[in-house]
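Each chain, written out:
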Amino acid sequence: MDSLKIVRLWAAAAWADGSMHPSEAAALRRLIEASETLSVNDRELALTYLETAPDVDVSEVQSLPAEAREGVYRAARGIVMLDRELADSEAEFLVQLRASLQLSEATIAKVDAE
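(A) Spotlight on the pattern of salt bridges. Here the structure, examined in full by the defined rule, presents six salt bridges. Put simply, R29 and E33 hold a salt bridge, and the shortest N to O gap is 3.9 Å. Of the two residues, R29 and E33 are both situated in helix α2 (residues 22-34); the distance of four residues between them amounts to about one turn of the helix. Residue classification places E33 among the partly exposed positions, given a relative accessible area of 48%. With a closest N to O distance of 3.0 Å, R74 and E70 form a salt bridge. With R74 and E70 both in helix α4 (residues 66-80), this residue pair falls four residues apart, about one helical turn. Residue classification places R74 among the partly exposed positions, given a relative accessible area of 30%. Among the charged side chains, a network of salt bridges with common partners joins E70, R74, K110 and E114.

The structure is reproduced here in structure tokens:
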């Protein structure tokens, strides 16, 4: 399901610096608990991503519709900035994610300016 895939990518973004900051965990928990599209089993699995970094292949996002890909980037960028620090590893994760999302430069610039 795409919802679990997206949550896994967001969690990977939060873990990209090697740790899950409490503000990142809180935001992800709210997103997971509020999701109307995650099944009970998927929700339980998604909550494990708060404790352990998920294995993720950023190329998974290529199958998502363009609007969803933009939303994935916007949310991933927001999540890594929740602790108000952008570690080199987080920046590299975002570079890889942007490449996989195949968003236009204009879209990336718009999201980055928000």
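This is not the end of the story, as more comes after the structure.
(B) Highlighting the side chain of S100. Within the secondary structure, S100 is located in helix α5 (residues 88-101). Setting aside chain neighbours within four positions, we find S100 in contact with V58, S59, V61 and Q62.

Rules of the game
- Residues numbered from 1 in each chain as written.
- Predicted model: local features only at pLDDT ≥ 70, side-chain atom pairs only at ≥ 80, totals over all residues.
- Heavy atoms only, no water.
- Salt bridge = Lys/Arg side-chain N within 4 Å of Asp/Glu carboxyl O.
- Helix = DSSP H or I, 4+ residues; strand = E, 2+ residues; numbered from the N terminus.
- Buried < 20%, exposed > 50% of the residue type's maximum accessible area, 1.4 Å probe, protein only.
- Contact = heavy atoms within 4.5 Å.

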